[in-house]
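Coordinates in review
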Amino acid sequence: MSERSLRGTQLGSRSLETEEGVEPAPRQMVEFECEDGTRFKVPFSIEAEVPSTWDSGIHGVGNRVGVNEPDGEPGKHVRSHWDMLLERRSFDELQVLLDERLAVRRGEVPAQA
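Residues numbered from 1 in each chain as written. Predicted model: local features only at pLDDT ≥ 70, side-chain atom pairs only at ≥ 80, totals over all residues. Heavy atoms only, no water.

In the sheet, strand 1 (residues 27-33) pairs with strand 4 (residues 61-64) via two bridges, with the strands oriented antiparallel. The partner of glutamate 33 across the bridge, within strand 4, is asparagine 63. In terms of strand pairing, strand 3 (residues 53-55) meets strand 4 through three bridges, oriented antiparallel. Within the sheet, the bridge partner assigned to tryptophan 54 lies in strand 4 and is glycine 62. Counting the residues in the hairpin turn of strand 3 and strand 4 gives five residues, including glycine 57, whose phi is positive at 85°. (Pairing = 2+ DSSP bridges. Helix = DSSP H or I, 4+ residues; strand = E, 2+ residues; numbered from the N terminus.)

If you want it as structure tokens, here you go:
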């Protein structure tokens, strides 16, 4: 019975809604240029914050035309293990510890637990 009621509707192939009264969002075309000189345009909403670089997918990353330099995000300094170690101990303390550990490795001093 269910096969009969759905026959002829072509489910999934067509929308039953009309495009009456539907207006697309206002857009702006932004031009980018790759290092090899290739220019391409990307549509953005007028309300969108336009980036200064965009990946073309073919020629690489392009810079926005009319903008001097890409907006460099201020990079947060990544603390390394060494940086964190120097926050806890002075260089002289680290040298003493290194000398002690080297003496243990050489067998000059018995290891402590």
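Within a regular strand, the side chains alternate between the two sheet faces. Pairing between strand 1 and strand 2 (residues 39-45): seven bridges, direction antiparallel. The partner of methionine 29 across the bridge, within strand 2, is proline 43. Remark: five residues form the turn of the hairpin made by strand 1 and strand 2, two consecutive strands paired antiparallel; glycine 37 in that turn has positive phi of roughly 95°.

With that settled, the discussion passes to the nonpolar core. Ranked by size, the top nonpolar core spans seven residues in total: Val30, Phe32, Cys34, Phe40, Val42, Phe44 and Val50. Those elements that place two or more of their residues in this core are strand 1 and strand 2. Excluding its chain neighbours within four sequence positions, the residues that come into contact with phenylalanine 40 are Val30, Glu31, Phe32, Cys34, Trp54, Ser56 and Gly62. (Core = buried A, V, L, I, M, F, W, Y, C linked by side-chain atoms within 4.5 Å. Buried < 20%, exposed > 50% of the residue type's maximum accessible area, 1.4 Å probe, protein only. Contact = heavy atoms within 4.5 Å.)

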